[in-house]
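# Observations on the three-dimensional arrangement
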Amino acid sequence: HLTAITLLTEVLGEKLKQLGLPEAKDAREITTLLTDAIIKTKLLAKGLLPVELEVHGLTEALHEMAIVAEKMAPVSCRMLSRKPVFLRDHAVAVHLYRIAQEALNNALKHAKATHIEIGLSKTDGQLVLTVSDDGVGIGKDNKSQGLGLSIMHARAETIDAVLTVRPKGNNGTAGTVVTCSLREEIRKMNLPR
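This brings us to the pattern of salt bridges. One pass over the structure, following the stated rule, counts one salt bridge. The shortest N-O distance in the salt bridge between Glu 117 and Arg 78 comes to 2.6 Å. Separated by 39 residues along the polypeptide, Glu 117 in strand 2 (residues 115-123) and Arg 78 in strand 1 (residues 76-79) bring together distant segments of the chain. Exposure remark for Glu 117: the relative accessible area of 26% places this residue in the partly exposed category.

Further remarks concern the nonpolar core. Judged by nonpolar contacts, the single largest core of 38 residues is most densely connected at Leu 62, Leu 96, Ile 118 and Leu 129. Contributing elements (two or more residues each) for this core: helix 4 (58-72), strand 1, helix 5 (90-109), strand 2, strand 3 (126-133), helix 6 (147-158), strand 4 (162-167) and strand 5 (176-183). The element that contributes the greatest number of residues to this core is helix 5, accounting for nine residues. Ignoring anything within four residues of it in the chain, the contact list for Leu 96 reads Leu 58, Leu 87, Leu 127, Leu 129, Ile 159, Cys 180 and Leu 182.

Next up on the list: the confidence of the model for the protein chain. Of all residues in the protein chain, 81% have pLDDT values of 70 or greater, and the mean over the chain is 83. Here helix 7 (residues 184-190) stands out as the least confident element of the protein chain, with mean pLDDT 50; strand 3 is the most confident, with 94. Counted against residues more than four places away or in other chains, residues 186-193, with its pLDDT under 50, gives eight contacts.

What counts, and where the lines are drawn
Residues numbered from 1 in each chain as written. Predicted model: local features only at pLDDT ≥ 70, side-chain atom pairs only at ≥ 80, totals over all residues. Heavy atoms only, no water. Salt bridge = Lys/Arg side-chain N within 4 Å of Asp/Glu carboxyl O. Helix = DSSP H or I, 4+ residues; strand = E, 2+ residues; numbered from the N terminus. Buried < 20%, exposed > 50% of the residue type's maximum accessible area, 1.4 Å probe, protein only. Core = buried A, V, L, I, M, F, W, Y, C linked by side-chain atoms within 4.5 Å. Contact = heavy atoms within 4.5 Å. pLDDT = per-residue confidence, 0-100.

What follows is the structure, encoded as structure tokens:
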């Protein structure tokens, strides 16, 4: 729909230009705004179900998340593990992706981090996702949770994972580490039949 409206606006702009009307400039401005809206809509849709997650798995989706973060904000963001971690349960992968996404957003918006690291590892059936930043940090008791932290905890609970959010340093001012860990075997046993 947006593309069709953009094309119609371009045609209208050309007609106005041929007539020598000053409104042609307004039509060009509307076309520019519509083009921007199309780009933003595609990014939003991609965020709802990341293509990388579907095609290449969680590791590649997190790597892509880090690349996009660096393009969108003045931050150094990197994915520590490039070794693929394969998950049999797509729902778990989506929840882990969303937890990492929320942790990254918190690091950018609230912690004002300049360096962010995303890690994903799987050893002896234990899957661990970490998002670490060098931002302003959180207090030692992060009882006052915002909506984002509450949603991360709910997502972790849904997949029978343990989520911890703790200060990176001893004084609570040297950044934050978000860790989500789960044992796949335990999760399989707890699945409803």
